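Results of the structural survey
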2 protein chains.
Amino acid sequence: MLGLGLSLGFFFGFTMKAPEWKFPESSTTPIDKLLKPQYADSSDLFTGLNKIAKLLGQTNVSYDKEDLIAYASNSYSTHSPSSDQRPKMICYPRSTEEVSEVLKVCHQYSIPVVPYSGGTSIEGNFISTRPGLLLSLANMDNIINFNKQDLDVTVQPAVGWQDLNAYLEPEGFMIGPDPGPGGQIGGMIGTSCSGTNAARYGTMKENCISVTVVLADGTIVKTKNRPRKSSAGYNLTAIFVGSEGTLGIVTEATLKVHVKPKVERVSVVSFPRIIDATNMVTQLIQEDIVVNAVELLDDNMISVINQTGQLKKSWPVAPTLFIKLGGSEENVLQRLTQKIEGISLENNATQFQSAGNNQDSEDLWMARKIGFWSTIEYAKQNISPDIKVWVTDVAVPISKLSKIMDETAKEVKESGVFGTVLGHVGDGNFHCILTYKPEEYEKVKQISANAVRRAIDNEGTCTGEHGVGVGKRQYLIEELGENSVNLMRKLKMALDPKRILNPDKIIKIDPEDPNKF
Amino acid sequence: MLGLGLSLGFFFGFTMKAPEWKFPESSTTPIDKLLKPQYADSSDLFTGLNKIAKLLGQTNVSYDKEDLIAYASNSYSTHSPSSDQRPKMICYPRSTEEVSEVLKVCHQYSIPVVPYSGGTSIEGNFISTRPGLLLSLANMDNIINFNKQDLDVTVQPAVGWQDLNAYLEPEGFMIGPDPGPGGQIGGMIGTSCSGTNAARYGTMKENCISVTVVLADGTIVKTKNRPRKSSAGYNLTAIFVGSEGTLGIVTEATLKVHVKPKVERVSVVSFPRIIDATNMVTQLIQEDIVVNAVELLDDNMISVINQTGQLKKSWPVAPTLFIKLGGSEENVLQRLTQKIEGISLENNATQFQSAGNNQDSEDLWMARKIGFWSTIEYAKQNISPDIKVWVTDVAVPISKLSKIMDETAKEVKESGVFGTVLGHVGDGNFHCILTYKPEEYEKVKQISANAVRRAIDNEGTCTGEHGVGVGKRQYLIEELGENSVNLMRKLKMALDPKRILNPDKIIKIDPEDPNKF
């Protein structure tokens with residue numbers, strides 16, 4: 001294919017070089033209207049990277065093999081890079097202006113750039129699919145300004161969400177999203193992450209007030225000022241949240257800050273069936289009872305966390321809801337907890353336990369917190385020490401949730417691989433944490449594919465909070481249709497015509513890309 | 001300019017015809033990199049409109065002069081069309097597919113298209129700046145599907161928000177945004193409107209789950225399925241909300257539905273100064289007291305509504321907060337009302353009155369509701385029967401609000417024109433309703449300009465909820481900078497390369513556009 005494309009291009013001259021220009025009047029860009037992108041050859045790559053090293057200084061770049069490997073992936077990613085999918089160089093700019101200078105060089109020499117902050121995403125979102133630069137934001141980790149009165153905070157992209165909360169907490173504040181530990185603001189914006197708090201505070205989409213972005217050609221853009229509300233033109237902020245670094249590199253973000261609830265009350269409710277739990281959540285929503293978080297753990301997950309020995313008590317092995325209320329007055333939450341207990345009984349709950357104070361609440365919530373790592377630890381100890389993990393991430397309208405959770409949990413059990421299920425049920429979002437031995441790879445891939453297709457068949461999405469990365473591009477087409485994905489590609493080509501920014505993520509940008517997904 | 005541009009283009013051949021193609025490698029599109037758009041000449045216009053008439057049937061188009069004038073503007077717009085700024089034809093498609101067919105013809109013949117639903121926007125958002133088609137969505141006014149369990153509703157664009165609420169209300173539900181009466185979903189998405197409820201439920205941005213859009217070339221795109229949460233690629237929904245019909249025509253939308261509060265309690269609080277009122281609102285926010293609405297009326301506004309004779313009682317002529325609480329339990333709201341009363345006293349309130357039941361609450365809220373029309377009526381009766389109205393609409397971070405409200409209210413009083421001030425203070429958003437005689441046009445324009453510049457100088461926006469339309473394009477540049485606006489133009493050119501969709505709104509698309517704004 002490669003040879004044919006190039007030789008045809010050569011034969012027909014410039015009209016073949018950029019056939020997208022022949023279709024400027026369409027509103028979308030189908031993949032077959034593009035030619036293969038022309039990235040820097042090894043000589044240009046060498047020249048360009050050298051220029052960047054000179055620009056930033058040798059202490060702010062690295063060619064160290066260990067670094068290049070360390071930045072290529074993490075140990076818990078669903079999709080791992082092949083051994084040649086590594087950056088050629090890592091650079092560490094210190095300011096928006098330096099990021100701009102770096103991108104100007106990359107743009108000039110057509111060098112692929114993968115932005116990197118926390119490196120905790122798991123869909124292969126930061127794999128160096130093409131020889132190029134990894135742009136680490138590690139040197140940009142300052143909290144720039146906290147506007148207490150306006151409840152917003154402006155930060156650089158390498159600020160970790162936990163560090164940010166530690167900074168805000170003494171004054172009684174917090175940010176909304178709470179993804180996996182280690183996540184940093186840049187990547188959190190990239191995947192439009194969320195976590196357990198989304199039930200009340202929304203996802204990164206609802207929590208970004210404004211971002212400063214460096215575009216592919218080095219242009220610096222601020223998407224908005226600081227007002228909470230605005231109708232001032234296109235919603236540029238929203239274009240970058242969830243774009244996984246494919247449209248621009250976020251170098252600064254203003255986020256909403258929330259008042260941290262003075263009082264928190266956690267209740268833990270066991271049910272005979274998943275549907276009883278989701279019915280209860282539906283009823284909470286219909287009665288406008290605002291919870292701060294509501295999480296569903298399946299029986300396998302409960303079993304695993306019971307076995308960790310880390311908890312003060314063990315729970316009945318059954319589908320279980322963890323419900324967190326937050327507020328400023330203890331007696332209001334107490335009354336609400338009673339109401340919730342009543343609703344749980346209406347929905348066949350077999351056990352209801354609630355915390356009497358903040359410390360008890362934290363103890364109960366701990367069970368929810370350790371779910372992910374407990375599953376991996378359990379499988380390592382009981383199945384195989386070199387177990388691997390595949391995490392699914394689908395979301396559907398809540399009326400469809402119990403059906404697809406049930407079907408997926410059943411399939412996991414029948415498959416013989418060990419997996420647990422964890423749902424952010426208030427958002428209709430759930431994960432299977434599938435552990436597998438190398439020879440079971442195809443099996444878990446199929447389970448994951450089935451979970452995704454079930455979600456899509458039920459008006460849902462292939463990804464609720466982890467992003468598309470490299471593994472879900474085909475699902476995106478199945479979910480939204482060719483036209484929608486072609487519109488995304490039109491946007492990509494408009495903002496990044498040389499296709500240098502985090503290539504091959506979310507959408508195919510290369511007609512000769514051999515991967516089906 | 002026109003002659004020079006054209007003759008140079010002719011001289012240099014195709015390279016001059018579309019110079020934007022000469023700069024495909026940049027991430028933004030400055031206005032001076034574009035040539036004047038080439039719209040249909042009168043012969044092509046005639047042919048194209050005839051094709052559309054044939055397509056839809058003569059009963060679904062109109063050339064009637066009265067219709068053309070009626071659809072050109074409304075009586076309360078800040079910016080009115082000149083007498084030649086009228087559509088050449090109105091068409092009334094009945095389905096997404098028909099809208100697509102119409103746009104294919106417009107695209108082929110380069111015919112400008114202005115989409116139209118409620119026609120209540122006031123920034124000249126639907127002026128036919130170029131001879132072309134007005135696409136009325138009046139025949140697409142069905143509520144398609146209400147998913148009670150998932151709290152979402154799918155509607156066509158000509159459904160009015162009040163009608164939708166009337167449909168949802170018997171079952172105990174409502175939608176979030178509550179803009180001016182007569183607004184319809186299509187236009188509400190176009191301007192990313194909001195209203196008093198945004199304090200709790202957010203604006204149209206936060207309330208659109210998904211839209212179906214017809215792009216400039218007729219391509220039909222659905223932006224998302226129905227899950228509440230998604231990280232599935234670029235946020236296409238967000239690209240269209242607030243784009244004022246310049247990027248696509250929304251033909252279907254899935255909106256969030258909210259549980260209508262069973263109990264509502266309104267309190268009315270008078271203050272000596274505006275800053276006392278905004279201080280109180282800041283304190284409410286800092287103490288995480290969730291109000292359903294909090295509106296600030298200045299002394300002029302109170303005076304005007306007192307004089308309508310429509311209310312059961314009159315209020316002290318002073319800056320006044322109208323605070324609405326909503327919930328499911330009366331005693332919770334009662335306790336909260338007491339708390340709010342305490343906070344109001346801490347902030348120098350001179351009078352606090354709260355409603356004892358839902359009916360009393362509605363009576364109190366009525367005063368807020370009649371503010372806009374009362375101002376116009378007052379000015380008609382007391383100043384001049386052919387008074388005109390100019391409504392400003394700025395938003396800032398709440399810490400800056402009292403300062404710019406004060407300064408603006410002072411300027412209005414000193415100017416001698418009669419105006420009232422109305423603030424959605426929870427969102428940092430406020431309006432001046434300026435009434436003026438024709439000879440005072442330049443004066444109110446200046447007041448408005450000053451209000452906008454004050455907002456921009458205070459990290460705010462030139463429009464909180466009305467949109468940019470034709471009058472605020474220059475402010476958008478002052479607010480966000482050239483790069484951001486050039487990025488918007490890049491998006492516009494990508495999705496609508498012939499610049500046929502609602503031309504001249506939000507951003508300049510014609511380098512020879514003579515209007516500074």
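Residues numbered from 1 in each chain as written. Chains lettered and ligands numbered in written order. Predicted model: local features only at pLDDT ≥ 70, side-chain atom pairs only at ≥ 80, totals over all residues. Heavy atoms only, no water.

**Brief notes about the pairing of strand E5 (residues 143–147) of chain B**
Residue and element names in this part refer to chain B. This is how the line gets drawn: Strand pairing is assigned whenever DSSP identifies at least 2 bridges connecting the two strands. Going along the chain from the N terminus, every DSSP run of H or I of four or more residues is numbered as a helix, and every run of E of two or more is numbered as a strand.
Here four bridges tie E5 to strand E6 (residues 152–155), and the two strands are oriented antiparallel to one another. Among the inter-strand pairings, asparagine 145 is bridged to a residue of E6, identified as threonine 154. What sits between E5 and E6 in their antiparallel hairpin is a turn of four residues, with leucine 151 showing a positive phi close to 55°.

**Thoughts on the confidence of the model for chain A**
Residue and element names in this part refer to chain A. What counts, and what does not: The predictor's confidence in any single residue is recorded as pLDDT, a number from 0 to 100. Contacts are assigned to residue pairs that have any heavy atoms within 4.5 Å of one another.
The predicted model of chain A has a mean per-residue pLDDT of 94, with 95% of residues at 70 or higher. Segment residues 1–22: pLDDT under 50, and 21 contacts once partners within four positions in sequence are set aside and those in other chains are kept. The ipTM, which scores confidence in the relative placement of chains, is 0.94 for this predicted complex, and the corresponding pTM is 0.95.

**Re the pattern of salt bridges**
To keep it simple, the criterion reads: Whenever Lys or Arg places a side-chain nitrogen within 4 Å of a carboxyl oxygen from Asp or Glu, that contact is recorded as a salt bridge. Burial classification: accessible surface area is computed with a 1.4 Å probe over protein chains only, and a residue below 20% of its type maximum counts as buried, one above 50% as exposed, and the rest as partly exposed.
If you walk through the whole model with that rule in mind, you get 58 salt bridges over all chains. The shortest N-O distance in the salt bridge between glutamate 25 of chain A and lysine 498 of chain B comes to 3.7 Å. With glutamate 25 of chain A in the loop between helix H2 (14–17) and helix H3 (42–56) and lysine 498 of chain B in the segment after helix H19 (482–495), this residue pair bridges two chains. Residue glutamate 25 of chain A is classed as partly exposed on the basis of its relative accessible area, which comes to 40%.

**A closer look at the relation of the copies chain B and chain A**
In summary, the two copies of the chain are related to each other by a rotation about an axis coupled with a shift along it. Rule in force here: In superposing the copies, a least-squares fit is computed on C-alpha atoms, taking residues whose pLDDT is at least 70 in both.
Expressed as a screw transformation, the operator carrying chain B onto chain A has a rotation angle of 180° and an axial translation of 0.0 Å, and the superposed copies differ by an RMSD of 0.0 Å. Taken together, these values place the two copies in the relation of a two-fold axis.

**Details of the environment of valine 113 of chain A**
Residues and elements named next belong to chain A. By the secondary structure assignment, valine 113 is in strand E3 (residues 113–116). Valine 113 gets classed as buried once you look at its relative accessible area, which sits at 0%. As a C-alpha pair, valine 113 and serine 128 span 15 residues in sequence and 8.2 Å in three-dimensional space. Excluding anything up to four places from it in sequence, valine 113 contacts Leu103, Cys106, Leu133, Leu135, Ile249, Ile500, Leu501, Asn502 and Pro503.

**Observations regarding the sheet that holds strand E5 (residues 143–147) of chain A**
All names here are of chain A. Short version of the rule: Note on geometry: axes are C-alpha line fits, over the in-contact stretch for helices, and angles between N-to-C directions span 0 to 180 degrees.
The strand order across the open sheet built from five strands is E5-E6-E10-E8-E9, with neighbouring strands paired in antiparallel fashion. For this open sheet the edge positions go to E5 and strand E9 (220–222), each flanked by a neighbour on one side alone. Put simply, the sheet's adjacent strands are angled 10° from each other on average, direction ignored.

**A look at the packing of aromatic side chains**
The geometry of an aromatic ring pair comes down to the distance between the two centres and the angle between the two planes. Selection criterion: Side-chain rings of Phe, Tyr and Trp, where Trp is taken by its six-membered ring, are said to pair if the distance between their centres is within 6.5 Å; with planes under 30 degrees apart they count as stacked, over 60 as edge-to-face, and otherwise as tilted. Two limits define a charge over a ring: the Lys NZ or Arg CZ must be within 6 Å of the ring centre, and within 35 degrees of the ring normal.
Applying the stated criterion to the full structure yields 23 aromatic pairs over all chains. On the basis of an interplanar angle of 80° and a centroid distance of 5.7 Å, the ring pair of tyrosine 76 of chain A and tryptophan 373 of chain A is categorised as edge-to-face. Of this pair, tyrosine 76 of chain A sits in the loop between helix H4 (65–70) and strand E2 (89–91) while tryptophan 373 of chain A sits in helix H15 (residues 371–382), placing them 297 residues apart in sequence. The class of tryptophan 373 of chain A is partly exposed, set by a relative accessible area of 42%. Ring centres of phenylalanine 146 of chain A and phenylalanine 173 of chain A lie 5.6 Å apart, and the angle between their planes is 70°; this geometry places the pair in the edge-to-face category. Of this pair, phenylalanine 146 of chain A sits in strand E5 while phenylalanine 173 of chain A sits in strand E7 (residues 173–174), placing them 27 residues apart in sequence. We classify phenylalanine 173 of chain A as buried; its relative accessible area is 3%. One aromatic cluster in this structure is built from Tyr71, Tyr92, Tyr116 and Phe126 of chain A. Above the face of the tryptophan 365 of chain B ring, lysine 324 of chain B is positioned so that its terminal group lies 4.4 Å from the ring centre.

**Description of the sheet that holds strand E4 (residues 133–136) of chain B**
All names here are of chain B. Pairing within the open sheet is mixed, and its four strands lie in the order E1-E2-E4-E3. Strands with a single pairing partner mark the edges of an open sheet, and in this sheet they are strand E1 (61–62) and strand E3 (113–116). Across the sheet, helix H3 (residues 42–56) touches E1, strand E2 (89–91) and E4, and the angle it forms with E2 is around 30°.

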